[in-house]
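Commentary on secondary and tertiary structure
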Amino acid sequence: QVQLVESGGGLVQAGGSLRLSCAASGSIFSINDMGWYRQAPGKQRELVASVTTSGGSTNYADSVKGRFTISRDYAKNTVYLQMNSLKPEDTAVYYCNARARRVLTTTQRTYWGQGTQVTVSS
């Protein structure tokens, strides 16, 4: 299996910063895209940011552009999300996501972490 373990969530005041980390482990042959999604109460899960394998191209939701930065350590199979200038509307459970191929398989699958709570107080 492939496991994604997130860390770094918590409670922060508006204007503050947090850094989320997500480490992938298990029987990994390769990882393609990695990213972060979030889900606020009563809302659908939405893409926050993603980063590809080839070239490290990044993609951000309009609501976080200029405030959040996604980065990736390919050697450690880890993806990070630096969140600055946090707003109360950023409050959500943040989920790590990865497209990965397990050893001895030929297809990629999507894997999710368990989620980490981010709460921004006004």
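Residues numbered from 1 in each chain as written. Predicted model: local features only at pLDDT ≥ 70, side-chain atom pairs only at ≥ 80, totals over all residues. Heavy atoms only, no water.

**Remarks on the pattern of salt bridges**
Per the counting criterion, the structure on display carries four salt bridges. Salt-bridge contacts for Lys-65 lead to Asp-62; the nearest nitrogen and oxygen are separated by 3.1 Å. Judged by relative accessible area, Asp-62 falls into the exposed class, the value being 65%. Notably, a salt bridge pairs Arg-67 with Asp-90, separated by 2.7 Å at the nearest N-O pair. One end of the pair, Arg-67, is in the loop between β6 (58-60) and β7 (68-73); the other, Asp-90, is in the loop between β8 (78-83) and β9 (92-102), and 23 residues separate them in sequence. In terms of burial, Arg-67 and Asp-90 fall into one category: buried. (Salt bridge = Lys/Arg side-chain N within 4 Å of Asp/Glu carboxyl O. Buried < 20%, exposed > 50% of the residue type's maximum accessible area, 1.4 Å probe, protein only. Helix = DSSP H or I, 4+ residues; strand = E, 2+ residues; numbered from the N terminus.)

**Considering the pairing of strand β3 (residues 18-26)**
Here strand β1 (residues 2-7) runs beside β3; their pairing, made up of six bridges, is antiparallel. Within β3, the residue paired with Ser-7 across the bridge is Ser-21. Note that β3 and β8 share six bridges and pair antiparallel. Looking at β8, one finds that Cys-22 is bridged to Val-79. (Pairing = 2+ DSSP bridges.)

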